[in-house]
Amino acid sequence: MAGTTNGETGVIAQYQTFLKDPEISTPVAIFKALTEFVRDNAAPTMSEFMENLERAAQSIRDDSQIQRATRGQHKATIATLAGVDLFMRFVTRNAHDFSLSTKSFDDFKGHLLSRATLILDKASTARVKAAEIGAEFVQDNSVILVHAYSRVVMSVLYHAANVQNKRFKVYVTEGRPNSEGLNAVKALQEAGIPCRAILDSAVGYIVDKVDMVFVGAEGVVENGGVINQIGTYQIALVANALGKPVYAVAESYKFVRVYPLNQYDLPSATPEIVSFTSRRKSFSNNADSGASLEATNPSVDYTPPQYVTLLLTDLGVLTPSGVSDELIKLYL
């Protein structure tokens, strides 16, 4: 049992190490960490191997819950779910094929690792492919609104400007509570792309001036809706009201088997913002500071599919209704 505990601790350490790379997303970091766990695991039988792997996967899920509890609602909870589910389904499918063959368990592990390497190679190009597809929707001399900082959306803008030589301007929302949008503005300015930061609360004011909206995704759910940085939903609502297209750009490894019914049906804790303290309680010692606002407010929201014009992915251009078909291909 001690060895198992060490293995679980090791997979979390590997996962957190991979996450330090700013270019690696949460699902890819999970896939890499669990692949290393498979490589190092010394279980002699299939049943013991699967038990060890499930404990390792659960330890990553639990780590996400701990991070959320200590730092507020963890933004990558949905991406964690996508990464773990995708890897476990990958192993289960290969284990089923192995059970129908006469090969040894060592052969199974070798085959699993070689397939995992191929998947990771494909994942490493997913953002580039999504960017190439997304850039086709950037019109010359257009004005674009993007929300906060998204690596894949930034790749779209870089590709449109530097490869396709398109000229455009970008408004970037600040992206409270962590103001990630300011990082996006700095990066775009360094790339020579005209841009300006705007307050999240100024979206309604500025949307009439833009031609299109680009947002990223922490996860794309079964019905084609998007879970992303808080504020995405209200941007989509305003854009929809004013007839502006909303393009969600996402890698296919962020597709997740979740079907939220509303904002409070996400696979993460409901933030304290939806409850109220008794009026009898003294508020003098509980005034909302910046830190408490971040802890008690959500970090993600859910944008229903009717407010998403198209999904631009490494698999191609999808309508929201096409996501379920792609999930069937990924998980079956």
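Throughout what follows, the structure given in this document is the object of discussion. (Residues numbered from 1 in each chain as written. Predicted model: local features only at pLDDT ≥ 70, side-chain atom pairs only at ≥ 80, totals over all residues. Heavy atoms only, no water.)

A word on the packing of aromatic side chains
Turning to step 1, where the next piece is worked out: On inspection of all chains with the given rule, the structure shows nine aromatic pairs.
Turning to step 2, where the next piece is worked out: Aromatic pair F214 and Y247: ring centres 5.4 Å apart, planes at 45°, arrangement tilted. Here F214, found in strand β4 (residues 212–215), pairs with Y247, found in strand β7 (residues 246–250); they are 33 residues apart in sequence, far enough to count as distant. No difference in accessibility class separates F214 from Y247, as the two residues are buried.
Turning to step 3, where the next piece is worked out: The rings of F31, F87 and F90 are connected pair by pair, giving a single aromatic cluster.
Turning to step 4, where the next piece is worked out: Stacked on the ring of F18, the Lys or Arg K32 has its end atom at 5.6 Å from the ring centre. (Phe/Tyr/Trp six-rings, centres within 6.5 Å; stacked < 30°, edge-to-face > 60°. Helix = DSSP H or I, 4+ residues; strand = E, 2+ residues; numbered from the N terminus. Buried < 20%, exposed > 50% of the residue type's maximum accessible area, 1.4 Å probe, protein only. Lys NZ or Arg CZ within 6 Å of the ring centre and 35° of its normal.)

A look at the environment of A236
Turning to step 1, where the next piece is worked out: As for its position among the elements, A236 is in helix α10 (residues 232–241).
Turning to step 2, where the next piece is worked out: For the pair A236 and F214, spaced 22 residues apart in sequence, the C-alpha separation works out to 9.8 Å.
Turning to step 3, where the next piece is worked out: Discounting chain neighbours no more than four positions away, the residues touching A236 are V246, T303 and Y307. (Contact = heavy atoms within 4.5 Å.)

Describing unusual backbone geometry
Turning to step 1, where the next piece is worked out: Between R176 and the following residue, P177, the backbone shows a cis peptide bond with an omega angle of 15°.
Turning to step 2, where the next piece is worked out: The residue P177 is located in the loop between β2 (168–173) and α8 (180–190) in this model.
Turning to step 3, where the next piece is worked out: Unusually for a residue other than glycine, N141 sits at a positive phi of about 65°.
Turning to step 4, where the next piece is worked out: Along the polypeptide, N141 turns up in the loop between α6 (126–135) and β1 (142–146).
Turning to step 5, where the next piece is worked out: Even without glycine at this site, A148 takes up a positive phi of about 55°.
Turning to step 6, where the next piece is worked out: For A148, the position within the fold is in the loop between β1 and α7 (151–163).

Some details on the pattern of salt bridges
Turning to step 1, where the next piece is worked out: Following the criterion strictly, the structure yields six salt bridges and no others.
Turning to step 2, where the next piece is worked out: Between E36 and R39 there is a salt bridge whose closest N-O contact spans 3.5 Å. In this pair, E36 and R39 both sit in helix α2 (residues 26–40), three residues apart, roughly one turn of the helix.
Turning to step 3, where the next piece is worked out: Between R167 and D140 there is a salt bridge whose closest N-O contact spans 3.6 Å. A residue pair is termed long-range when its members are at least 10 positions apart, and R167 in the loop between α7 and β2 and D140 in the loop between α6 and β1 qualify at 27 residues. (Salt bridge = Lys/Arg side-chain N within 4 Å of Asp/Glu carboxyl O.)

Considering the sheet that holds strand β6 (residues 226–229)
Backbone-to-backbone hydrogen bonds join strands into a sheet, with any given pair of strands oriented parallel or antiparallel.
Turning to step 1, where the next piece is worked out: Spatial ordering of the open sheet is given by β5-β6-β8, a layout of three strands whose pairing is antiparallel. The open sheet is flanked by β5 (219–220) and β8 (300–303), the only strands paired with a single partner.
Turning to step 2, where the next piece is worked out: Inspection of the sheet shows β5 paired to β6 by two bridges, in the antiparallel sense. Bridge pairing in β6 links G219 to I227. (Pairing = 2+ DSSP bridges.)

Examining the environment of Q164
Turning to step 1, where the next piece is worked out: Along the chain, the position of Q164 falls in the loop between α7 and β2.
Turning to step 2, where the next piece is worked out: Aside from chain neighbours lying at most four places away, what touches Q164 is E132, A135, E136 and H159.
Turning to step 3, where the next piece is worked out: Here the side chain of Q164 touches K166 through a polar contact of 3.0 Å, side chain to side chain. (Polar contact = N/O pair within 3.5 Å; in protein donor to acceptor, adjacent residues only side chain to side chain.)

Some thoughts on the packing of α2 against helix α4 (residues 77–99)
Turning to step 1, where the next piece is worked out: Close contact between α2 and α4 brings their axes to 8 Å; oriented N to C, the two are set at 40°. Judged by the inter-axis angle, α2 sits oblique to α4. Like other packed secondary-structure pairs, α2 and α4 cross with a definite hand, here right-handed. Judged by residue contacts, T26, P27, I30, F31, L34, T35 and V38 of α2 engage A79, T80, G83, V84, F87 and F90 from α4.
Turning to step 2, where the next piece is worked out: For the contact of α2 with α4, the class distribution of residues is nine nonpolar, four polar and no charged. (Axes fitted to C-alpha atoms, helices over the stretch in contact; angles between N-to-C directions. Parallel < 35°, antiparallel > 145°, perpendicular 65-115°, else oblique. Left-handed = near helix turned anticlockwise from the far one by under 90°. Nonpolar A, V, L, I, M, F, W, Y, C, P; charged D, E, K, R; others polar.)

Any functional reading would require information beyond the geometric quantities listed.
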